[in-house]
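Structural overview
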Amino acid sequence: MTTAPQFLLKKDPVCGMTVDPATAKGKVEHRGETYYFCCNGCMQKFQATPEEYLKPKRPALVTLGGVKPATTITPASPVPELEKSKYVCPMCPEISQSRPGPCPKCGMALERETPASLSKTEYTCPMHPEIVRAEPGSCPICGMALEPRTVTAIEEDNPELRDMTRRFWISVAFTVPLLGITMAHMLPGMPIQRALANGSLLWIELLLATPVVLWGGWPFFQRGWVSIVNRSTNMFTLIAMGTGVAYGYSVVATLAPSIFPASFREMGGRPAVYFEAAAAIVTLVLLGQVLELRARSRTGAAVRALLNLAPRTARVVRDGTETDIPLAEVRVGDRLRVRPGEKIPVDGSVLEGSSSVDESMITGEALPVEKTTGSRVIGATVNASGSFIMRADRVGSETLLSQIVKMVGQAQRSRAPIQRLADRVAGWFVPVVIAIAALTFLAWGVWGPEPRLAHAIVNAVAVLIIACPCALGLATPMAIMVGTGRGAHAGVLIKNAEALELLERVDTLVIDKTGTLTEGKPRVVTVEAAAGISEAELLGTLAALEQASEHPLAAAILAAAKERGIAVAESTDFSAHAGRGISGRVNGKRVASGNEKLFSEMKVSLGDLSGRAEALRSSAQTVIFVSVEGKPAGMVGIADPVKPSSRGALAALEAEGVRIVMLTGDSKATASAVARELGIQEFEAEVLPENKAEVVRQLQQQGRFVAMAGDGINDAPALAQANVGIAMGTGTDVAIESAGITLLKGDLAGIARARKLSRATMKNIRQNLFFAFIYNSVGVPIAAGVLYPFFGLLLSPIFAAAAMSLSSVSVISNSLRLRAVKL
């Protein structure tokens, strides 16, 4: 007696958990089906919107006779981030679809758009890895607690590559014996031809070629047809026509040879057939597709390397205990422990402890950066030494790493102006090639040697096969993709391909001073005390007064007092004197600080302090005078230090012929001192924020190609006005959004690196375009037979297919060289 299958387990259609109908919390009848639920909450959600959970319908988990075979366990759930991914074409970035497949315009395989989220946490059983759930729980097989694991978008394989590889190897298996048969006539005595009648060999060739052409080459015919329907002819249009003509003619010649006139037949009385050519062409094109897909996968290596920088887990400190949790579960405000040698999980700030952090993978700078309490830290950078506790400030898609990945992905899909030439040529390319093939067929059919039809078909097919518009189409986007990825690893973020192309042409660089040439953080550099007063006493008194002030220089004075371990007393009777200074009482004494105008009003003589102040101003220091009980107590000089890398970077740019112009809202004395220190010949001081864009415009009217580098909100109009805007990564979001290029490190050395990258990328693009133009300009005439009258040489369609396949691979391989360019 046969026992009916027992449906012991079902899948909750809402949460995906596996439940036993005998112990389920509820069940719902819907359209003749019974659905079981693990809890009342899931049941209520299903009852509200059942269609939402049944698209697509989730299969029940079945076991037979009480046995639970592993093969019936629900497969791993797809990653939600991947389900939301868009697939775009590397040649036609305007094409975007929700699933992989060929581009409806050019026929190339679509590639995944850069994911906005880096990873997703799933839960799996350590004993039964086939059990995968979106939520924690217990294993339905063994009852063990499910453990979290992090899945990244890059773990998925390439279905297009897998399909093409399978088609290629199966086609090889049929093509090799087919080529062996056609070459057998070269053997002494032609044993195969003697053993089999000529007609039998043709049928064998037909049987071997048919699966290769109709199954192996089916994607090419499908894409060729779509290109005709969409009126967007491409490489697959030519391949489908070429192989289709060769195979179709051969089939007719095999089935009905008598319909051909005697002049079209060979010595055996049958027309020539080209099964081996059609099959070999398809096989070689499949090989080219496999090589191209593999090479294209390496062009995204930079983005995948960035994705891999993110750690998988974070150590969270909650209620005095430390626990490792998946990165996806970190929330803003969490306290995280980072131990020596670990990667920092997310962006945040140090709360306790200190360390040095290797930020080279983000900024491109090799030297570690010291981090103390209050310092900002970047996710995915490496804690070199020391342990500290940090607060999570930005998580998920808000982290700097996620933003970098997003920006790089957008830049890789953008089009450079130089691409317009290739687009115009490619638009006419296929129709011109088809016309040349038709003329070739006509010329060989009318004036060619016998058998004329055979020569006409072979040469026309060769013309169709050797032409490769993909080499033209890929020349620019592949170089842009690799170049922007290389820049991201060097701390240079390219917002769009146009900025990368235009940077090469820049001959004038306009630079904001504060925060670009300088650190943007004023510091006390000089303390001069009057006789009878120590420097510590002077600085402590001034800090006590300034702690009630909101002026930016007050923070520098307080920081200097803290660095020197000076205790700061309380102040009373505080008064601010706009544009002049402040006054109040410290330890019961009347204290004032400010400029000469304040002390002139108070009738306090500064004596020789005024003379010494001029020397400080000439070295780009802002001077603050201090008086106690109406008598001068000394002065403090505050300066915004020049970034150590500025001098070398400017010298390198000037050596390349770049004109440097500095803009600043500071006084002429301060601007002159900074310009003198850095060797800048041109500068404009006391420039209002709204006038910076006008300065850039005036330079452009003089015929200059201008790049603007800045970091503040007031730089945004000038960044947008410039031909190329360069934002410091340490600046404001508004400045970064207005710029085409962002330097993560925030120093001018990045501009030199960006120019090197721009030159290398544009040189690579020109090489690609030159190769593509020359290849087609030479290959098509040779395939048409221009060498035959002089040398008696004809190009076999098989060799034409090999050359066509390698042309795109050559362009991609040349683009990949950008990964090793030294910046």
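Numbers given to residues run from 1 along each chain, matching the order in which its sequence is written. Where local features are concerned, this predicted model is filtered to residues with pLDDT of at least 70; where side-chain atom pairs are given and counted, the filter is 80 or more; whole-chain, interface and lining totals use all residues. Hydrogens and water molecules were not included; the side-chain quantities draw on all heavy atoms of the structure.

**Side note on the overall build of the protein chain**
This is how the line gets drawn: Only runs of H or I of at least four residues qualify as helices and only runs of E of at least two qualify as strands under DSSP, and these elements are numbered from the N terminus. Accessibility here uses a 1.4 Å probe with only protein chains present; expressed as a share of the type maximum, an area under 20% marks a residue as buried, one over 50% as exposed, and anything in between as partly exposed. Whether two residues touch is decided by their heavy atoms; if any such pair falls within 4.5 Å, the residues are in contact. Only the protein chains shown count as cover for residues, with accessible areas throughout obtained via the Shrake-Rupley method and a probe of 1.4 Å.
Looking only at helices and strands, the protein chain features 29 helices and 32 strands. Among the 823 residues that make up the protein chain, the fraction classed as buried is 50%. Sequence separation of at least 24 residues holds for 64% of the intrachain contacts in the protein chain that already meet a minimum separation of 6. Accessible surface for the protein chain amounts to roughly 37,500 Å². Of this, 58% is attributable to carbon and sulfur atoms.

**Structural notes on unusual backbone geometry**
Most peptide bonds are trans, and most residues other than glycine sit at a negative phi. One non-glycine residue with positive phi stands out, namely Lys603, at about 55°. Of note, Lys603 is situated in the loop between α20 (596–601) and α21 (609–617).

**Some details on helix α23 (residues 668–678)**
Because an α-helix completes one turn every 3.6 residues, residues spaced three or four positions apart along the sequence face the same direction. Listing the buried residues of α23 in full gives Thr670, Ala671, Ala673, Val674, Ala675 and Leu678. Of the surrounding secondary structure, the elements contacted by the buried residues of α23 are α17 (513–517), α21, α22 (646–655), β28 (659–663) and β29 (682–684). Looking one or two residues past α23, Gly679 carries a phi angle of roughly 75°, positive in sign.

**Some points on the packing of helix α14 (residues 452–466) against helix α29 (residues 797–816)**
What counts here: Fitting a line to C-alpha atoms yields each axis, with helices limited to the stretch in contact; the angle taken between N-to-C directions then spans 0 to 180 degrees. Angles are sorted into four bins: roughly parallel if under 35 degrees, roughly antiparallel if over 145, roughly perpendicular if 65 to 115, and oblique for all others. Nonpolar residues are Ala, Val, Leu, Ile, Met, Phe, Trp, Tyr, Cys and Pro. Charged residues are Asp, Glu, Lys and Arg, and all others, Gly as well, are polar.
Between α14 and α29, the shortest axis-to-axis distance is 8 Å and the interhelical angle comes to 5°. Classified by the angle their axes make, α14 and α29 are roughly parallel. Contact with α14, carried on its side by Val458, Val461, Ala462, Ile465 and Ile466, involves Pro797, Ala800, Ala801, Ala803 and Met804 of α29 and no other residues of that element. Its residues placed into classes, the contact of α14 with α29 shows ten nonpolar, no polar and no charged.

**Focus on the packing of aromatic side chains**
Rule in force here: Only Phe, Tyr and Trp rings are paired, with Trp represented by its six-membered ring, and only when their centres lie within 6.5 Å; those with planes under 30 degrees apart are stacked, over 60 edge-to-face, the remainder tilted.
Applying the stated criterion to the full structure yields six aromatic pairs. When the ring of Tyr247 is compared with that of Phe275, the centres are 6.0 Å apart and the planes differ by 70°; the resulting orientation is edge-to-face. Of this pair, Tyr247 sits in helix α8 (residues 235–255) while Phe275 is found in helix α9 (residues 275–299), placing the two residues 28 residues apart along the sequence. Residue Tyr247 is classed as buried on the basis of its relative accessible area of 12%.

**Quick word on a nonpolar patch on the surface**
Rules: Like-charged residues within 9 Å of one another, or nonpolar side chains (Val, Leu, Ile, Met, Phe, Trp, Tyr) within 5 Å, are grouped into patches, provided each residue has over 30% relative accessible area and no salt bridge. Here, a salt bridge means any side-chain nitrogen of Lys or Arg that lies within 4 Å of a carboxyl oxygen of Asp or Glu.
Residues Leu439, Leu442, Val446 and Trp447 make up a contiguous nonpolar surface patch of about 480 Å² in total accessible area. Inspection of the secondary structure assignment puts Val446 in helix α13 (residues 419–447). Here Val446 falls in the partly exposed class, since its relative accessible area comes to 39%.

**Side note on the confidence of the model for the protein chain**
Let me state the cut-off plainly: Confidence scores here are pLDDT values: one per residue, from the predictor, ranging 0 to 100.
Residues of the protein chain with pLDDT of at least 70 account for 79%, and the chain-wide mean is 78. Every residue in residues 1–8 scores below 50 in pLDDT, and together they form eleven contacts with partners more than four places removed in sequence or on other chains. pLDDT under 50 marks residues 56–83. Its contacts with residues more than four places away, or in other chains, come to 46 contacts.

**Quick notes on the pattern of salt bridges**
Note on pairing: side chains with opposite charge can pair once their charged atoms come close. Following the criterion strictly, the structure yields 23 salt bridges and no others. Note that Arg376 is salt-bridged to Asp393, the shortest N-O span being 2.8 Å. Of the two residues, Arg376 sits in strand β17 (residues 376–377) while Asp393 sits in strand β19 (residues 388–394), which places them 17 residues apart along the sequence. With its nearest N and O atoms 2.9 Å apart, the salt bridge here joins Asp393 to Arg391. A residue is classified by how much of its surface remains accessible, and Arg391, at 34% relative accessible area, is partly exposed.

**Here's the deal with the environment of Val212**
Mapped onto the elements of the fold, Val212 is located in helix α6 (residues 198–216). Among all residues touching Val212, those that are not within four sequence positions of it are Ser171, Phe174, Thr175, Gly217, Ala279, Val282 and Thr283.

**Quick word on the sheet that holds strand β7 (residues 111–112)**
Cut-off, in case you're wondering: Each pair of strands is called paired provided DSSP finds at least two bridges between the two strands.
The sheet built from three strands is open, its strands ordered β6-β5-β7 with antiparallel pairing. Two strands close off the open sheet at either side, each with one partner strand: β6 (96–97) and β7. Two strands pair when backbone bridges link them, and strand β5 (residues 87–88) and β6 are joined in this way by two bridges, in the antiparallel orientation. What sits directly across from Tyr87, in β6, is Gln97.

**Overview of the sheet that holds strand β15 (residues 355–358)**
The three strands lie next to each other as β16-β15-β18, forming an open sheet whose pairing is antiparallel. Edge positions in the open sheet fall to β16 (369–371) and β18 (382–385), since each of these has one partner strand only. Along the sheet, successive strands turn relative to each other by an average axial angle of 40°, direction set aside. For β15 and β16, the ladder comprises three bridges, and the chain directions are antiparallel. In the strand pairing of β16, Ser356 is matched with Glu370.

**Considerations on the pairing of strand β21 (residues 508–512)**
Of all five residues that make up β21, five are buried, and the element is covered over most of its length. Residue alternation in β21 divides its side chains into two sets, Thr508, Val510 and Asp512 and Leu509 and Ile511, and both sets are buried. Two elements, β21 and strand β30 (residues 706–710), share four bridges in a ladder whose sense is parallel. By the bridge assignment for β30, Leu509 is matched with Ala707.

**As for the environment of Ala380**
Tracing the chain through its elements places Ala380 in the loop between β17 and β18. Taking the relative accessible area as the measure of exposure, Ala380 reaches 0% and is therefore buried.

**With respect to the nonpolar core**
The line we're drawing: Throughout this description, the term nonpolar core refers to a set of buried Ala, Val, Leu, Ile, Met, Phe, Trp, Tyr and Cys residues connected via side-chain atoms within 4.5 Å.
In this structure, Leu509, Ile726 and Ile741 are the most contacted members of the largest nonpolar core, which totals 131 residues. Examining the composition of this core, we find that twelve residues originate from one element, helix α27 (residues 749–784), more than from any other. In this structure, Leu509 is in contact with Leu653, Val658, Arg659, Ile660, Val661, Ala707, Ala709 and Ile751, ignoring residues within four places of it in sequence. Listed in part, the 22 residues of the second largest apolar core include Leu539, Leu545, Val591 and Val626.

**Quick notes on the packing of helix α4 (residues 159–182) against helix α7 (residues 218–229)**
Taken N-terminus to C-terminus, the directions of α4 and α7 make an angle of 125°; their axes are 11 Å apart at the nearest point. Considered as vectors, α4 and α7 are oriented oblique to each other. Contacts between α4 and α7 involve Glu160, Met164 and Arg167 on the former and, on the latter, Trp218, Pro219, Phe220 and Arg223. Classifying every residue of the contact of α4 with α7 by side-chain character gives four nonpolar, no polar and three charged.

**Focus: the side chain of Thr541**
Assignment of secondary structure puts Thr541 in helix α18 (residues 535–546). Residue contacts for Thr541: discarding those within four places in its chain leaves Val586, Val591 and Val628.

**Overview of α7**
What counts, and what does not: By this rule the span expected of a helix is its residue count minus one, scaled by 1.5 Å. Our arc is simply the arc of the directions from the helix axis toward the C-beta atoms.
Spanning twelve residues, α7 covers 17 Å between terminal C-alpha atoms, matching the ideal 16 Å at 1.5 Å per step. Turning to α7, its buried residues number three or more, namely Pro219, Phe220, Arg223, Gly224 and Ser227. Seen end-on, α7 carries its buried residues on one side only, within an arc spanning 130°. With its phi angle positive at about 55°, Arg231 sits one or two positions after the end of α7.

**Section: the environment of Arg294**
On the secondary structure map, Arg294 appears in helix α9. By relative accessible area, which is 42% here, Arg294 ends up partly exposed. On a C-alpha basis, the gap between Arg294 and Asn158 in space is 9.3 Å, while along the polypeptide they are 136 residues apart.

**Topic: the pairing of β30**
Summarising burial for β30: five of the five residues are buried, a large majority. Side-chain alternation along β30 places Val706, Met708 and Gly710 on one buried face and Ala707 and Ala709 on a second face that is also buried.

**Some remarks on the side chain of Thr243**
Relative to the assigned elements, Thr243 resides in helix α8. The residues touching Thr243, leaving out its near neighbours within four places in the chain, are Phe221, Ala278, Ile281, Val282 and Ile465.

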